[in-house]
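Summary of structural features
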Amino acid sequence: QVQLVESGGGLVQAGGSLRLSCVYSGNLRSIHNIDIMAWYRQAPGKQRELVATIRGLSSTSYADSVKGRFTISRDTAKNTFNLQMDTLKAEDTAVYYCNVYVTWPYSQHYWGQGTQVTVPS
């Protein structure tokens with residue numbers, strides 16, 4: 001079992017920045033078998049979409065809509081991964097969820113509770 005707790009959401013003007021953090025805890029063997037860490041978001045009336053992933057120490061991928069503006073990173077020593085969001089736009093407004101994909105004792109996704117990011121238009 002893995003628990004995820006997000007922080008860092010809020011209201012920011014267009015062009016501004018926010019940094020989301022996700023702290024993970026729980027069964028140590030499950031934590032050592034986290035394969036992928038990810039951020040998703042869900043805007044009102046829309047499906048949840050994948051924003052960014054990190055695998056290993058530095059293998060990252062991004063949705064086209066956030067490339068060049070968002071950066072995902074991890075701090076293994078602090079059991080944390082982050083999403084630095086720069087040059088925010090109104091269309092980035094959504095609830096952001098952190099997610100980990102664990103491969104032990106079986107393949108499973110774990111989710112955080114979500115944090116609201118609002119960029120007024």
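Quick note: structure is the one above.
Everything numeric here is computed off the predicted structure, so don't read it as measured data.

Strand order in the open sheet formed by four strands is 1-3-8-7, and the pairing between neighbours is antiparallel. Two strands close off the open sheet at either side, each with one partner strand: strand 1 (2–7) and strand 7 (70–75). Within the sheet, the average angular offset between the axes of one strand and its neighbour, ignoring direction, is 15°. Here strand 3 (residues 18–26) pairs with strand 8 (residues 80–85) via six bridges, running antiparallel. In the sheet register, Arg 19 faces strand 8, and the bridge partner there is Gln 84.

With that settled, consider the side chain of Ser 30. Assignment of secondary structure puts Ser 30 in helix 1 (residues 28–32). Here Trp 104 takes part through its backbone oxygen, which lies 3.1 Å from a polar atom of the side chain of Ser 30. Apart from residues lying up to four places away in sequence, Ser 30 is in contact with Gln 1, Val 2, Val 102, Trp 104 and Pro 105.

Relative to strand 6 (residues 59–62), strand 5 (residues 49–55) is paired through four bridges, and the arrangement is antiparallel. Bridged to Arg 55 within strand 6 is Ser 59.

Here the focus is unusual backbone geometry. At the junction of Trp 104 and Pro 105, the peptide bond is cis and its omega measures out at 0° in the coordinates. With respect to the element layout, Pro 105 can be found in the loop between strand 9 (94–102) and strand 10 (108–111). One non-glycine residue, Asn 79, lies in the positive phi region at around 50°. With respect to the helices and strands, Asn 79 occurs in the loop between strand 7 and strand 8. One non-glycine residue with positive phi stands out, namely Thr 87, at about 50°. With respect to the helices, strands and loops of the structure, Thr 87 is situated in the loop between strand 8 and strand 9. For Thr 87, a relative accessible area of 45% translates into the label partly exposed.

Evaluation of the coordinates by the stated rule reveals five salt bridges. The closest approach of N and O atoms between Arg 41 and Glu 49, which form a salt bridge, is 2.6 Å. Ionic pairing is found between Lys 67 and Asp 64, a salt bridge with its closest N-O pair at 3.2 Å. Each of the salt bridges in this network shares a partner with another, and the network as a whole consists of Arg 41, Glu 49, Arg 69 and Asp 92.

Quick look at the environment of Leu 18 now. Its place among the elements puts Leu 18 in strand 3. Residue classification places Leu 18 among the buried positions, given a relative accessible area of 14%. Beyond its immediate stretch of four places on either side in the chain, Leu 18 contacts Gly 8, Gly 9, Gly 10, Val 12, Leu 83, Gln 84, Met 85, Leu 88 and Val 117.

Rules and cut-offs
- Residues numbered from 1 in each chain as written.
- Predicted model: local features only at pLDDT ≥ 70, side-chain atom pairs only at ≥ 80, totals over all residues.
- Heavy atoms only, no water.
- Pairing = 2+ DSSP bridges.
- Helix = DSSP H or I, 4+ residues; strand = E, 2+ residues; numbered from the N terminus.
- Axes fitted to C-alpha atoms, helices over the stretch in contact; angles between N-to-C directions.
- Polar contact = N/O pair within 3.5 Å; in protein donor to acceptor, adjacent residues only side chain to side chain.
- Contact = heavy atoms within 4.5 Å.
- Buried < 20%, exposed > 50% of the residue type's maximum accessible area, 1.4 Å probe, protein only.
- Salt bridge = Lys/Arg side-chain N within 4 Å of Asp/Glu carboxyl O.

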